[in-house]
Amino acid sequence: MAKEKPELPTWEISIAVFLICAGIQTGASQSQSAYFLPEFALSPQGSFLEDTTGEQFLTFRYDDQTSRITRSDEDKDLGWDAWGSWSDCSRTCGGGASYSLRRCLNGRNCEGRNIRYKTCSNMECPVEIGDFRAQQCSAHNDVKYQGHVYEWLPVYNDPAAPCALKCKARGKNQVVELAPKVLDGTRCKTDSLDMCISGICQAVGCDRQLGSNAKEDNCGVCAGDGSTCRLVRGQSKTHVSPEKPEETVIAVPYGSRNVRITAKGPGHLIIDSKTLQGQTGEHSFNSPGSFLVENTTVDFQKDPDRQSFRIQGPLGADFNIKVRYAASRDTLVQFLFYHPISHQWRETDFFPCTVTCGGGYQLNSAECMDVRLNRVVSDQYCHYYPENKKPKPKLKECNMDPCPASDGFKEIMPYDHFQPLPRWEHNPWTACSVSCGGGIQSRSIVCVEETMHGEILQVEEWKCMYTPKPTLMQTCNLFDCPKWIAMEWSQCTVTCGRGLRYRVVLCIDHRGQHIGGCNPQMKPHIKEECVVPIACYKPKEKLPVEAKLPWFKQALELEEPRAASEEPTYIPKVWSPCSVTCGPGRQTRQVKCRVLLSFSQTEVELPDDECEDSKPPTERGCNLGPCDGDPAVYESSIPHYDDEELYDWEYEGFTSCSASCAGGKQEAIVVCLNKQKRAAVGDALCDGSSRPPEMIRKCNPEPCPARWEVTSWSQCSASCGVGIKTRNVYCTRVLSLAPEHSVTVAEKECQETKPAVLQACNQFDCPPTWIAEDWQQCSHSCGGGTQSRKVHCKQLLSDGSFLKLLDEFCQDPKPLPHTHCAKTDCPPQMAGGDWSKCSVSCGVGTQRRETVCRRLTAAGQQVTLSRSVCSGLLPPPLIRTCRMNACPKHNKEMKPKQSQNRNPQILSLKRVYIQTRQEKRIHFTIGGRAYLLPKTSVVIKCPVRRFQKMLIRWEKDGQDLSNSKRIGVTKSGSLKIHSLEASDIGVYRCIAGSAMETFNLKLIGNNNRLIEPPNGQKLKMKLDLNEASRLEEKWNRMSKMWQSWSEKNEFYLDDSQAHDQALLQVLGNYLTNSAEPSSSQERPDKHLEAAILHGAYSMDSQQFEELVRNISQLVENREVTDDVASQLIYQLMAEVSRPQSTTEKWKEPLQENTSNSKLVDKTPNASEHVYNKQIYKKPSIIRHKLNPLMAFQKSNNVSIGRAAFLTNATRTIFLLCEATGVPEPKWTWTKNGMLLQFSERVAWDSTGKLQISSPGAEDAGLYGCTVTNDQGSDTETSLLLFAEAPSIRVSWKNVSDLVSRRVTAVVGGSVTVSSGANVTLECPVAGVPQPTVSWHKNEGLMKGNSFLLLNGSLLLQNISVENDGTYSCIAANPLGKVEASSFLQLSALRTSVNQSSLSRGNGRKRVLMASQLGTNIAVKSGDLLRIGCPVPPNHRNAVRWYLRNQTLPEVPGLEYRVLVGGRVLEVSTFSGRFDGQYRCQTTINSQILSAWVNVILEEYRWELGDWTACSSTCGNKGTQSRRLICIGASGHEVNRSACDLLPRRAPPAQPCNIQDCPPRWVSSIWSKCSASCGKGIRQRKTSCQQVTANGIVRILPVNACVKAEQPSGREACVSDSCAEWGELPWGKCSGRCLAPSLSVQQRQVMCQHHNGSSIPESHCDERKRPVSVRNCSSEMCDVQWREGAWRTCTAACGSGFQSRRVECVHRRNNKTVADQYCSWQKRPITWQHCNATSCSRGECMDTTHYCAVVKRLQLCRIDLYKQRCCESCREV
């Protein structure tokens, strides 16, 4: 019933929940419903608590407001505050849980939950840690259950309660639930990633994310689509027999998964494995079970007629599945597995840009990678997998900066194979669909590419997509069609009666000109009858009387002309004038057969037989009216001319225009004309003197269309290899031909394809030459240094690549790789001379030295100068401490007597601990001191040696301790105290027989003052007067040294002061007087003295805690006494918690400073009194001294000052640079000393948080954070590196050295040495972070003569037979581990084994028995030589041995030993002369026995044999060497194994077959397929080459090689890469704000087919997916936080809190916006503690309006509530 819930203050509910969780019974259960938190709890502990009500509600204590994220609009509507920061992970590895909380702001129940979870620490745990659930069960092993102690084992996969801790007692069937909930992060099931959180099983995907449904595909890829592997399945029937006992069925490659092999039949399945390092092995299984084969678990099942392998994978090696013969029947093998795609495409880097400036392009390619070996292989390996889609080459713009004005041209750079860029080619436009009125025309477009041989090939269109594709269709003839225009009618041709009238009808085009092209059938008529209403009275005439003849003439002359078309047509010209001026005459005209050429829009004259229509007439009659005096009858008559007048000159049209544009010329055509026939005749018939003058007119004056103009080619840029030649190409338009005038226009106006601007030239291999790199930086800046560079012999090939050759190929002198530099004198410097001897002979003393002024000259010589030259320079340290061997008096104290070793011993730990925040339970070890908070539970361990833990006794303050409800002693001897109270204060003593140690326990009250014991006796924790006097006396003697130390950060003490040196140095770092800075500079000794003796110092809480830790460390290191440190810490605590008003005690030394001194007080009331005005403070970065972070998670937070190692899983890295300072500092970020710039991936906010998205190798470096304000600055750095898996540089070289006593070898090969040698096995490792190196011996534990060196090497001293075996080096870091092994063997041991095998074969015994007749034996160096004397086993008389009639000690260089009581002699055959007659002599039954053996030395040696065959038949690389053979004593060749132990010399070698090779065809690699989708072609270059005797490759003419043997240079290919990424335009810049005016924008990216259709994204290469999110500039992000005024304090007296409103507002318009826009800024706190007047202890009154609820919940028993609700609680 929500309406009945009273509003409770947060602090009461928080403490109530805390007490309930701690086990204190309250009456909360009587309430009808739970109270939800309306506000933060006012507990300063800063930790979270979960309420016992579980799912109903959760509460938490006060946490730092600055760590909370910005709340969303939805949270505002629901009344929630923003989410708090994430808690620490519940586990450090193996997958744990972290939670975040939020509070309800409106005081009512808010909809939703106030807790959320996420996974963390997802990296795998080391194997030695064990199972997490098993650890929880084992924690109960020392707790009695039903009166007995059991060893508990975990119970897994309980379907009823997977998150309950159920355990099973070992050896019992008893299953017990030891806890209702397992710890957060425990797996629900063994075969699942699901984890238990708060007792509930939560789903976890393979991506280790909570609530994720991601599953691994069959290839082992999380959330994969199965595209990285392929299914292989099938069956095979084997045919094995006694003659063929084994048959390989299927090879399962490395990395395969889900392997299922089933064999039906009698055959036996076996596995042959081969690792990537080449190690092989055979594995056979006789019984069912799980086996480990090459780090892969194999599950083998066997039935009478059926066997099966089930391997989850991935395989750690190549497995060859074989069937071994067992019976005569065949065996059917069925197999199924998922084969990993071991070869994949990888994009290459972009080729060089086509230009160096002005904007160019560059392409990339793809290469086939062997995933397992990480190397480039032939493309055919990737084509083997149909799933592999070869990435399409990408093209991008480059070098877009404009070229310098001084150049005037672009510098062209070599391109991929130095080919011109692909370009668009188009065919001419088709004819327009209509001649007018708007039509369309089209053309075809193809993408072509020019090969190195100048051949033009059609390629895929995407290669040309870097430029816009020309249009395929366009409109044409958009002008209006010509139309008939009729003029006005003329007057009627008669003055009376019926006549005719005429009009002119013209075909007018869109320009208003009279042309042809109108439809003749649609032409309006040009004449019609007309009637004049007047009666005619004249006689009838032949022809009607015409009123106006000119109209008739005009109508005839304007007959419609014809225009030429695309079909041959007769085109008549205009009629000539009538041959007479009156009367009947004749008219003529020319009629030509013409055709219109559409592509050039010109007319061409054809023969008449090409026109199919009938030819129009060329002559007609005419009559211009009667002549004067003639009758008005029109008769046809032909005029008559005299001979002189018959021929005359006439103009007959104009010639064609000399130009189609820009102003051409036309000449008038003059012909000699027969006037009568109107036909042209020869010019000779006309009078030449009367020839008319030439007539010229202009034509086609419009400018010409834009066209390309090119210059001549430049010289080739290179004389060999491959060069380029260039030319300039301009788009110009000719405006006029006379005078010639043209202008350059934009390239887009030229419609034709732009000619090439570069062309390859001189494309053949260059001779080898020296290539020198740039000089490196000089080793010194002055005084003479050196600098070096790399010089290589390289050959520039015709494809633009460099071939690295041996130095002897370059004929010219090699350039110098080293040179001298910095040949200048260095400035003078003040250096130090040699150190003097230590001032003491034992203990701690000092050393001194003198200063010397020196200068380093340019020649590298040190020159001593006068001291005046170095005046003003800082001198080096002149005094330092020195530590000699401990003085003898200490040795006696440290060495215990031999008898004491048997007495009990307590392993104490001298530490001082001060609790600063509430904790549930703390563990201690006996021997220290602790200052704890009440209600804390403690466990004090008492580790002992040589004493039973069950017999340990405990005392408190000298009295025996007995078990009670809160205090008890465990079986292991530890003391447990539950919920500390004042009665627990005291000194606890652990007694183990005669040994005892103490532990001092104190309690800290609410005001940070120590609680007094119940007996009322105050603790005497002040510095006693003797100690103070001693410190004061010491301090007076050290005053001058202290002043020097404060300047140089070091000081020195004599032996008597050494014990307090560390303590005083720690105090000097932390104790400062804040009252009078000026006086503290003058007298630092007095103020530090006062600080030590009286505690007058100023220190914040962080400095205080660090000081306590340092002092505790000094106690642990025995640098100061325990009592002095404890008294000092207590004095510091007392002063920190002391109110400022109580200064009477310190009036004498610091009376003048008491009014201004400021002490930091942890109580809430102190802040208001201390910080009563603004204090300016230099900025300081908050540093966290943490180990380097290994970033396995996608998002990682790194505090500045901490190094981080990035992995492939890292998606985002945050560098946190928290700082304090007044005024608020500003942040600046640098990388490797350079200012960091904003980019799409790198950004930071105003709180010092740097974000790097998708970090790559280029982001590794040293990042620096600098904070500055008016008071100063502070800087800290973090190093970001990319983690690398460990690797061992293995050497496969076998080492055999039987002479040297010190042998060094690199791990990987075998090592053979002689007995007694010292062997060092080196293990060179690499990796980031630096791997740790460990060694182990495969055959068992390593012996005591093995030592691990600092560099990771293994030293074996004075090795013997026990050291023989395999030694493995393991290099490990967080990314994994790698192992390499070496086999160490002793030659004597191996020889004995060989001889043992020989004795079994030849009957020889290991001990050669001497005989009285003598025995001969041949022995070679390294054989085992043991000689036995023929005496009975029970022989007890002495046996003497002789060699060459000398006693054995007299023989020089003989190494031997006598075994079995002298009966057997063993002689070393590795060194010295050991051949000769051995004789033993003894007495048996008083008779002398003498027996002997003659040992003959078999000598073997290496000699040179015949020359081997030449390694090459021609060229300059042929070599041959002499064969090494082993020669025996007889001088004949014997088996090489006889000389294995002898040192070999390098056989000589000589060149051979140094001659020119015959010409042969050489082919280059195939080019890429011309089509990226579908069928295409690929090419390669073939050339005829010859290798000469000096190694030079000559290019020969093609006819020098056999034409029939020439390889093909072109072949068909098929590519199925038809999918590519497409993206839409970027959306609005309206994403989340990242920084001031910086936001994000998104766009849609989809996978498309080449035809434009959308397909699933799995068809496109995810690695080439374009980015869909980027940073952008947004005005909406120009925001800031605006803080409101603080509200009234919640408490009338005592400690309360107050809140205020914080809003996100826009900087310009000051309008409130959503909080999410300000999320990039640190949000100001919304509430704080407030201090009202102190509550008087004399009056009992309620100080909060929540006291009614406190009374009802029965919380008055708690002191805090009882104090705040005194009046209400008094009534209870």
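Bear in mind that the values here come from a model prediction, so they are computed numbers and not experimental data.

Participant: Just to check I follow, could you spell out the overall build of the protein for this structure?
Facilitator: Within the protein, the regular secondary structure consists of 19 helices and 119 strands. Relative to its full complement of 1772 residues, the protein shows a buried share of 39%. On the protein, roughly 102000 Å² of surface is accessible, and the fraction owed to carbon and sulfur atoms is 50%.

Participant: How should the packing of aromatic side chains be read in this particular structure?
Facilitator: What describes a pair of aromatic rings is the distance from one ring centre to the other and the angle between the planes of the rings. Evaluation of the coordinates by the stated rule reveals ten aromatic pairs. Pairwise contacts between aromatic rings join F285, F291, F300 and F309 into one cluster. Taking the ring centre of W80 as reference, the NZ or CZ of R102 above it sits at 4.1 Å. The positively charged end of K794 is found above the aromatic ring belonging to F802, 5.9 Å away from the centroid.

Participant: Mind showing me how you'd approach the pairing of strand β87 (residues 1325–1328) here?
Facilitator: On a regular strand, each side chain points to the face opposite its neighbour's, so the side chains alternate between the two faces of the sheet. In β87, alternate side chains face the same way, and those of V1325 and G1327 are buried while those of A1326 and V1328 on the opposite face are not. As defined by bridge partners, strand β82 (residues 1284–1288) adjoins β87 across three bridges and the pair is classed as antiparallel. The partner of S1287 across the bridge, within β87, is A1326.

Participant: Looking at this structure, I do not really get the sheet that holds strand β101 (residues 1487–1498). What am I missing?
Facilitator: Whether parallel or antiparallel, the strands of a sheet pair through hydrogen bonds between backbone atoms. Read from one edge to the other, the open sheet built from five strands follows the order β94-β101-β100-β96-β97, with strand pairing classed as mixed. The open sheet has two edge strands, β94 (1415–1420) and β97 (1446–1447), and neither has a second partner. Relative to strand β100 (residues 1476–1484), strand β96 (residues 1440–1443) runs antiparallel, the two being bridged by four bridges. Each residue of the ladder has a partner; that of L1443, found in β100, is Y1478.

Participant: I keep staring at a negative patch on the surface and nothing clicks. Help me out?
Facilitator: Residues E566, E567, E612 and D613 make up a contiguous surface patch of negative charge. Within the secondary structure layout, E566 lies in the loop between α5 (549–557) and β34 (569–572).

Participant: Could you clarify how one ought to interpret the state of the cysteines in this entry?
Facilitator: Put plainly, two cysteines are in a disulfide when a covalent bond ties their sulfur atoms together. Under the definition given, this model contains 41 disulfides. For C716, the disulfide goes to C761, at an S-S distance of 1.9 Å. Taking the torsion about the S-S bond as the criterion, the C716 to C761 disulfide, at about 95 degrees, is right-handed. You can see C716 sitting in the loop between β43 (707–710) and β44 (723–726) and its partner C761 sitting in strand β47 (residues 758–761), a full 45 residues away along the chain.

Participant: What is the right way to read the nonpolar core from this model?
Facilitator: Side chains of a nonpolar character, in soluble globular proteins, are inclined to be buried together. Core analysis: the biggest nonpolar cluster contains 24 residues, and I906, I926, L932, W954 and L1001 have the highest contact counts within it. Of all the secondary-structure elements, those providing two or more residues to this core are β60 (921–925), β61 (929–932), β62 (937–941), β67 (975–977), β68 (986–992) and β69 (995–1003). Here L932 is in contact with Y913, Q915, I922, F924, V938, L980, L1001, K1002, L1003 and I1004, once residues within four sequence places are set aside. Formed by 23 residues, the second largest nonpolar core is a distinct cluster that contains A1317, L1321, V1325 and C1369.

Participant: Is there a simple way to think about the side chain of H343 in this case?
Facilitator: When you line up the elements, H343 lands in strand β20 (residues 343–347). Among the residues examined, H343 registers a relative accessible area of 10% and is labelled buried. Here the side chain of H343 touches D370 through a polar contact of 3.5 Å, side chain to side chain. Ignoring sequence-local partners within four residues, the contact set of H343 consists of C368, M369, D370, V371, V377, Y381, C382, Y385 and N388.

Participant: Hey, could you run me through the pattern of salt bridges in this one?
Facilitator: For side chains bearing opposite charge, pairing can occur when the charged atoms are close. A full pass over the atoms with the stated rule returns 45 salt bridges. Between D1678 and R1708 there is a salt bridge, with the nearest N and O atoms lying 4.0 Å from each other. Here R1708 lies in the loop between β117 (1702–1706) and β118 (1712–1713) and D1678 lies in the loop between β114 (1669–1673) and β115 (1679–1683), a separation of 30 residues in the sequence. When the shortest N-O distance is used, the salt bridge between R1700 and E1683 registers 3.3 Å. You can see R1700 sitting in the loop between β116 (1695–1699) and β117 and its partner E1683 sitting in strand β115, a full 17 residues away along the chain. What makes R1700 buried here is its relative accessible area of 13%. A cluster of three or more residues bridged by salt bridges with shared partners is formed by E246, D272, E282, K322 and R324.

Participant: In this structure, what is going on with the sheet that holds strand β46 (residues 740–744)? I would like to understand it.
Facilitator: Here three strands make up an open sheet; going across it, the order is β43-β45-β46 and the pairing antiparallel. Since the sheet does not close on itself, it has two edges, and those belong to β43 and β46, each with one partner. Sheet twist, expressed as the mean angle between neighbouring strand axes with direction ignored, is 50 degrees.

Participant: Quick question: what am I supposed to make of the environment of Q776 here?
Facilitator: Along the chain, the position of Q776 falls in the loop between β48 (769–772) and β49 (785–788). Taking the C-alpha atoms as reference points, Q776 and T786, ten residues apart in sequence, are found 9.3 Å from one another. When neighbours within four sequence positions are excluded, Q776 is seen to be in contact with Q787 and S788.

Participant: Just to check I follow, could you spell out a nonpolar patch on the surface for this structure?
Facilitator: The grouping of I440, L472 and M473 at the surface amounts to a nonpolar patch, some 290 Å² of accessible area in total. Topologically, L472 is positioned in the loop between β28 (456–459) and β29 (473–476).

Participant: Explanation requested: unusual backbone geometry in the structure shown.
Facilitator: Trans peptide bonds make up most of the peptide bonds, and negative phi angles are found at most residues other than glycine. The omega torsion of the bond from V1222 to P1223 falls at 0 degrees, within 30 degrees of zero and hence cis. The topology assignment puts P1223 in the loop between β75 (1219–1222) and β76 (1226–1231). For the bond running from V1328 to P1329, omega is -5 degrees, close enough to zero to count as cis. Relative to the helices and strands, P1329 is located in the loop between β87 and β88 (1332–1337). Phi at N258 takes a positive value of approximately 50 degrees, unusual for a residue other than glycine.

Conventions we followed
The numbers attached to residues start from 1 for each chain and follow its sequence in the written order. Whole-chain, interface and lining totals are the exception, using all residues; otherwise, since this is a predicted model, local features are given only for residues with pLDDT of at least 70 and side-chain atom pairs are given and counted only at 80 or more. Water and hydrogen atoms play no part in the side-chain values, which are based on all heavy atoms of the structure. Segments assigned H or I by DSSP are reported as helices when at least four residues long, segments assigned E as strands when at least two residues long, and all are numbered from the N terminus. To sort residues, take the accessible area from a 1.4 Å probe on protein chains only and compare it with the maximum for the residue type: under 20% means buried, over 50% means exposed, and anything in between is partly exposed. Methods summary: accessible areas were calculated by the Shrake-Rupley approach with a probe of 1.4 Å, and residue burial reflects only the protein chains presented. Put simply, two rings from Phe, Tyr or Trp (the six-membered ring, in Trp's case) pair if the centres are within 6.5 Å, and we call them stacked under 30 degrees between planes, edge-to-face over 60, tilted for the rest. Here, a charge over a ring is recorded when the distance from Lys NZ or Arg CZ to the ring centre is within 6 Å and its angle to the ring normal is within 35 degrees. The criterion for strand pairing is that DSSP finds at least two bridges linking the strands in question. Within the patch definition used here, like charges are joined within 9 Å and nonpolar side chains (Val, Leu, Ile, Met, Phe, Trp, Tyr) within 5 Å, considering only residues with over 30% relative accessible area and no salt bridge. The working definition used for a salt bridge is a side-chain nitrogen of Lys or Arg within 4 Å of a carboxyl oxygen of Asp or Glu. Charge counting follows a simple rule: Lys and Arg are positive, Asp and Glu are negative, and His as well as the terminal groups are ignored. Working definition for charges: the position is that of NZ of Lys, CZ of Arg, CG of Asp or CD of Glu. To count as a disulfide, a pair of cysteine sulfur atoms needs to be within 2.5 Å. Definition of nonpolar core: a set of buried residues of the types Ala, Val, Leu, Ile, Met, Phe, Trp, Tyr and Cys, connected through side-chain atoms within 4.5 Å. What makes two residues a contact is simply this: any of their non-hydrogen atoms within 4.5 Å. We define a polar contact as two N or O atoms separated by no more than 3.5 Å, with the added condition that, inside protein, one atom must be a possible hydrogen donor and the other a possible acceptor, whereas residues neighbouring each other in sequence contribute only through side-chain atom pairs. Note on geometry: axes are lines fitted to C-alpha atoms, helical ones only across the stretch in contact, with angles between N-to-C directions running from 0 to 180 degrees.

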